[in-house]
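Here are the chains, one letter per residue:
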Amino acid sequence: MLDFSQVINRRGTDSYKWDGSDRELGNTQCLQMGCADMDFETAPELVDALRQVVEHKVYGYATLSPEFARGVVSWYGTRHHVKLQPEWVLHSPRIVISASVVVRALSQAGDKVILHTPYYPPLDCATQSQGRVAVEPPLVLKDGRFVIDFEQLERLVDDSTKLMIFVSPHNPTTRVWTRSELEQLADFCVRHHLYLFVDEIHCDFTAPGQNFISMLEIASPIQERLIVVNSAAKSFNIMGCAISYLIIPNDELRAQIENAFVQAGEEDTNIFGNALMKVAYQKCGYYVDAVNEVINANDAYVRQELPTIFPKAKIIPREGSYLLWIDLRDEFANEQEMQDFLINKAHIFWLEGSHFGPHFEGYARVNIGCPKATLEEMMRRLRAARA
Ligand SMILES: Cc1ncc(COP(=O)(O)O)c(C=O)c1O
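Quick notes on the rules
- Residues numbered from 1 in each chain as written.
- Predicted model: local features only at pLDDT ≥ 70, side-chain atom pairs only at ≥ 80, totals over all residues.
- Helix = DSSP H or I, 4+ residues; strand = E, 2+ residues; numbered from the N terminus.
- Rg over C-alpha atoms; globule rule 2.2 N^0.38 Å.
- Contact = placed C-beta atoms within 7 Å.
- Core = buried A, V, L, I, M, F, W, Y, C linked by C-beta atoms within 7 Å.
- Buried ≥ 20, exposed ≤ 12 C-beta atoms within 10 Å, placed from the backbone.
- Pairing = 2+ DSSP bridges.
- Axes fitted to C-alpha atoms, helices over the stretch in contact; angles between N-to-C directions.
- Arc of directions from axis to C-beta.
- Near = placed C-beta within 6 Å.
- Nonpolar A, V, L, I, M, F, W, Y, C, P; charged D, E, K, R; others polar.

What am I meant to see in the overall build of the protein chain here?
Along the backbone of the protein chain there are 14 helices and 15 strands. A compact globule built from 387 residues should have a C-alpha radius of gyration of about 21 Å, and the protein chain, at 21 Å, falls within 12% of that. Restricting the contact set of the protein chain to residue pairs at least 6 apart, pairs at least 24 apart contribute 73%.

Just checking my understanding: could you explain the nonpolar core for this structure?
In terms of nonpolar packing, the biggest core is built from 112 residues, with V72, L196, F197, I227, L276 and I348 touching the most fellow members. Beyond its immediate sequence surroundings of up to four residues, L196 is in contact with M164, F166, C189, I222, R225 and L226.

Before we go on, may I ask you to explain the sheet that holds strand β3 (residues 112–115) in this structure?
Backbone-to-backbone hydrogen bonds join strands into a sheet, with any given pair of strands oriented parallel or antiparallel. Read from one edge to the other, the open sheet built from seven strands follows the order β2-β10-β9-β8-β7-β3-β4, with strand pairing classed as mixed. Edge positions in the sheet fall to β2 (89–92) and β4 (133–135), since each of these pairs with one other strand and no more. With direction set aside, neighbouring strand axes in the sheet form an average angle of 25 degrees. Taken strand by strand, helix α9 (residues 251–263) contacts β2, β9 (226–230) and β10 (244–247), and its axis lies near 20 degrees from that of β2.

Explain the sheet that holds strand β15 (residues 363–367) here, please?
Taken in spatial order, the four strands make up an open sheet running β11-β12-β15-β14, and their pairing is antiparallel. Each end of this open sheet is capped by a strand with a single partner; those strands are β11 (314–315) and β14 (351–352).

Explain helix α5 (residues 121–128) here, please?
Because an α-helix packs 3.6 residues into every turn, residues spaced three or four apart end up facing the same way. For α5, the set of buried residues is L123, A126 and T127. Viewed along the axis of α5, the buried residues span an arc of 95 degrees, placing them on a single side of the element. Buried residues belonging to α5 abut α4 (95–106), β3, β4 and β7 (161–167).

How should I be thinking about the environment of F205 in this particular structure?
Counting through the fold element by element, F205 comes out in the loop between β8 (195–199) and β9. F205 sits in the buried class, given 26 other C-beta atoms within 10 Å. F205 sits 87 residues away from N292 along the chain, and the two C-alpha atoms are 6.1 Å apart. If we skip the residues at most four places from it in the chain, F205 touches N292, I295, G320, S321 and Y322.

What is the right way to look at the site of the ligand in this model?
The ligand sits among 13 residues. The nearest are A36, R94, I95, V96 and Y120. Here the shell around the ligand is built from residues that sort into eight nonpolar, three polar and two charged.

Just to check I follow, could you spell out unusual backbone geometry for this structure?
Across the chain, the bulk of peptide bonds are trans and the bulk of non-glycine residues have phi less than zero. Geometrically, the link from T117 to P118 is a cis peptide bond, its omega value of -5 degrees lying close to zero. P169 follows S168 through a cis peptide bond whose omega is -10 degrees. Relative to the elements of secondary structure, P169 occurs in the loop between β7 and α7 (179–191). One non-glycine residue, S321, lies in the positive phi region at around 70 degrees. With respect to the helices, strands and loops of the structure, S321 is situated in the loop between β11 and β12 (323–327). The exposure class of S321 is buried, given the 30 C-beta atoms found within 10 Å. In this structure, H347 takes a positive phi of about 60 degrees despite not being glycine. Inspection of the secondary structure assignment puts H347 in the loop between α13 (335–346) and β13 (348–349).

As structure tokens, this is what we get:
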């Protein structure tokens, strides 16, 4: 039986979200709602899969199971209506590693790579830390939702631009991109001979009425220059097991990226992640459906309650993921004041807008992948701090 109402104490487990953030703050007083992992147990079938590995008591090098690619093909086919070939699928411990390897393989020092802000910071790091020039146009707010400014893109692109990194659905704005936006983006990349790296890790969480469309479904020559990365980690809350994958339809490009992984010393998989992937996508879809229901209810609860505490906050409509992106600029004079209130008075940790690159100071990202009781405690603390 799945029970998403139980508050599980994660402190003392070296959880990045709880212990890591406590260590940075220097105390254990804050409700941790920053890092994007959920405070839920994973599916029981996945616990069993890990138990089998643990109880075997030999934890040697693992080789990728053929079930790995079969699972990915079946998940994309049944849930996202995209027909993949199993040979298009490569594995990687983490998406952030894939980003780094792909940037290195498809561009040279001094080349430009486009990544919209606000961004998931490790994607920016994959570019800047390897001497690439980061071109970082902000998404722009239009009629209450963030959109791509295509005119701005045309002004920024030049012959030294080699790659675009794009997140779909987008973290942190939560946008679930429409088919026409994806088509326009594909067209832009094709016209400018860019490779397109699309991170679809948040695709399994969508708000009611939203429909995720994979870039793999877009009929365009971009398929020849496309690298999609994804992972079951967010969907099943198994981030600590470091297992992800790439989908590359073009044979030559796939061989080039596979070779780049070999050069980086990344060939084997890990025994726990491999065991999880044999089960997650083929047996546990029901778990993702159940989590989506909880997230949708949590979203509705926060939208109802938060304005009674922060009447001037703008909670951007959530289209995907289990994150809320909130504009608090009318509530606080600046971001420092906001964080001082949240951390030192309310004892709540939300990730501040400037964490996600320039232009978004005064926003906050709130993780609602937690039991409702945690959100109620968050409201209680905010209310008390405001009183
Ligand atoms: C957009 C995005 N990509 C990638 C990741 C991390 O994936 P991985 O753990 O496979 O590197 C996250 C985690 O928050 C994310 O939000």
